[in-house]
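Summary of the model geometry
The lines below spell out each chain.
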Amino acid sequence: QLARIQTDSVVEMLRELYPDLCFEIAVAMSTTGDKILDTALSKIGEKSLFTKELENALERNEVDLVVHSLKDLPTSLPPGFTIGAVCKRENPLDAVVFHPKNCGKTLSLLPEKSVIGTSSLRRAAQLKKKFPQLEFRDIRGNLNTRLKKLDEKEDFSAIILAAAGLKRMGWENRIGQLLSPEDCLYAVGQGALAVEVRAKDQEILNMVSALHDADTVLRCIAERAFMKRLEGGCSVPVAVNTMLKDGQLYLTGAVYSLDGSDSLKETMQTSVNYPQQNEDGPNDDVQHVGITAKNVPGQAQEAAENLGVELASLLLSKGAKHILSVARQLNDAR
């Protein structure tokens, strides 16, 4: 349902921009990540859990564009594909949805040993450290399924979800607590929608590029570059927070051990205040961590990518590789 709502919203924007074109939504497809619901995401080990089947359809020309949550897209796309648009980001923060009996509470007010549901190692690692009195347990399924599990059983006192998904589903009223970046840094690309297209399909690429939101593009390039340099994925806890203010891009990035006891966190900034130049010619198809954004200044994209790489390199020089490899091994052994 959420995937359909997200696709509809992108098609709606395209219809407004191109009223003469006809947009047809292909039958929704199930992906590997949708089908395997009894295993934690971090255990399945497939990099393109939610994207592979959709990319196959793109490759076979059955569809011309695919809408994803950007956080589901690997930092390296298969050859021949690119992210042709990154839409304006919804609130990227994580949200706590409480069991009806805990309505009006916050995480710190829950009784000791209360069980919190999350399928994310990143959320669990940060919140275990902040709320050692609580227990964290895997919960899988789409938003509807997870909310149903929360409401109809007594297994969970609360669950953690992305605020963006709840808002898009029209369930904003279920948010009991928004977790600030001080409580919980968010996932790379969280809250942003990406439109994936064939890299060589200039016509489609030009059409969807009108959907790019420059601020979101630069923030997400920095985040994805940070993740890529760390070689992170959903099997290790990597988290970020970005902000663009007065031409300065700020990136906070962190890595955590599975229980949150060991962590590294740093912030860096760079100027992204560059004018748009006419970059016709071979630079047309330059991708930055899988994103092609012709209408965002190339130098600004480069600066954002470098920022992500530099911040990751700083963390690696301080021992991030060890934290992440231990986290990966422990996760594999679980």
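Residues numbered from 1 in each chain as written. Predicted model: local features only at pLDDT ≥ 70, side-chain atom pairs only at ≥ 80, totals over all residues. Heavy atoms only, no water.

An unreviewed UniProt entry annotates the chain as Porphobilinogen deaminase of Haliaeetus albicilla. Its UniProt record gives the chain a comment under Subcellular location (unreviewed entry), which states: "Cytoplasm, Cytosol". (UniProt positions renumbered as here; feature names shortened; annotations may be inferred.)

1. A closer look at the side chain of Arg-122
With respect to the helices and strands, Arg-122 occurs in helix α5 (residues 121–130). Given the relative accessible area of 6%, Arg-122 is considered buried. Engagement of the side chain of Arg-122 in a polar contact is seen with the backbone oxygen of Leu-185, the distance being 2.7 Å. Those residues in contact with Arg-122, other than ones at most four positions away along the chain, are Asp-94, Cys-184, Leu-185, Tyr-186, Ala-187, Gln-190, Pro-237, Val-238 and Ala-239. (Helix = DSSP H or I, 4+ residues; strand = E, 2+ residues; numbered from the N terminus. Buried < 20%, exposed > 50% of the residue type's maximum accessible area, 1.4 Å probe, protein only. Polar contact = N/O pair within 3.5 Å; in protein donor to acceptor, adjacent residues only side chain to side chain. Contact = heavy atoms within 4.5 Å.)

2. Brief notes about the sheet that holds strand β1 (residues 66–69)
By definition, the strands of a sheet pair up through backbone hydrogen bonds, in either a parallel or an antiparallel sense. Taken in spatial order, the three strands line up as β1-β8-β2 in an open sheet, and their pairing is antiparallel. This sheet does not close on itself; its edge strands, each paired only once, are β1 and β2 (81–86). If you compare each strand with its neighbour and ignore which way they point, the axes differ by 40 degrees on average. Pairing analysis gives four bridges linking β1 to strand β8 (residues 193–198), with the strands arranged antiparallel. Residue pairing across strands places Ser-69 opposite Leu-193, the latter belonging to β8. Contacts between helix α4 (residues 52–59) and the sheet are confined to β1, β2 and β8, with β8 contributing the most and set at about 40 degrees to the helix. (Pairing = 2+ DSSP bridges. Axes fitted to C-alpha atoms, helices over the stretch in contact; angles between N-to-C directions.)

3. Observations concerning the confidence of the model for the chain
Residues at a pLDDT of 70 or more form 90% of the chain, whose mean pLDDT is 90. The secondary structure element of the chain with the lowest average pLDDT is helix α3 (residues 41–44), at 47, and the one with the highest is strand β3 (residues 94–98), at 98. Note that residues 41–48 has pLDDT below 50 and, in this model, 21 contacts with residues that lie over four places away or in other chains. (pLDDT = per-residue confidence, 0-100.)

4. So, the environment of Val-197
Secondary-structure assignment places Val-197 in strand β8. Beyond its immediate stretch of four places on either side in the chain, Val-197 contacts Leu-58, Asp-64, Leu-65, Gly-80, Phe-81, Thr-82, Gly-84, Ile-204, Leu-205 and Val-208.

5. Some details on the sheet that holds β3
Taken in spatial order, the five strands make up an open sheet running β5-β4-β6-β3-β7, and their pairing is mixed. The open sheet has two edge strands with one neighbour each: β5 (135–137) and β7 (177–179). Within the sheet, the average angular offset between the axes of one strand and its neighbour, ignoring direction, is 30 degrees. Taken together, the three bridges between β3 and β7 define a ladder with antiparallel strand orientation. Within β7, the position partnered with Asp-94 by the bridge is Leu-179.

6. Re the pattern of salt bridges
Here the structure, examined in full by the defined rule, presents 13 salt bridges. Between Glu-12 and Arg-15 there is a salt bridge, with its nearest N and O atoms 4.0 Å apart. Note that Glu-12 and Arg-15 are positioned in helix α1 (residues 2–17) at a spacing of three residues, about one turn of the helix. With relative accessibility at 41%, the residue Glu-12 sits in the partly exposed group. Look at the salt bridges and you will find they share partners, linking Asp-64, Arg-198 and Asp-201 into a network. (Salt bridge = Lys/Arg side-chain N within 4 Å of Asp/Glu carboxyl O.)

7. Some thoughts on the nonpolar core
Core analysis: the biggest nonpolar cluster contains 44 residues, and Leu-70, Ile-83, Phe-226, Leu-230, Val-238 and Val-255 have the highest contact counts within it. The set of elements that each furnish at least two residues to this core consists of β2, α9 (214–230), β9 (238–245), β10 (248–256), α10 (298–317) and α11 (320–333). With nine residues, the top contributor of residues to this core is α9. In contact with Leu-230, other than residues within four places in its own chain, are Val-238, Val-255, Ala-312, Leu-316, Ala-320 and Leu-324. Within the second largest apolar cluster, 15 residues are counted, among which are Leu-14, Cys-87, Val-195 and Met-207. (Core = buried A, V, L, I, M, F, W, Y, C linked by side-chain atoms within 4.5 Å.)

8. Overview of α11
The end-to-end C-alpha distance of α11 is 20 Å, a good match for the 20 Å that 14 residues give at a rise of 1.5 Å each. Residues of α11 that are buried: Ala-320, Ile-323, Leu-324, Ala-327 and Asn-331. Here the buried residues of α11 occupy an arc of 90 degrees about the axis, which is enough to place them on one side. Set apart from the buried face of α11 by more than 90 degrees, the exposed residues are Lys-321, His-322, Gln-329, Asp-332 and Ala-333. (Expected span 1.5 Å × (residues − 1). Arc of directions from axis to C-beta.)

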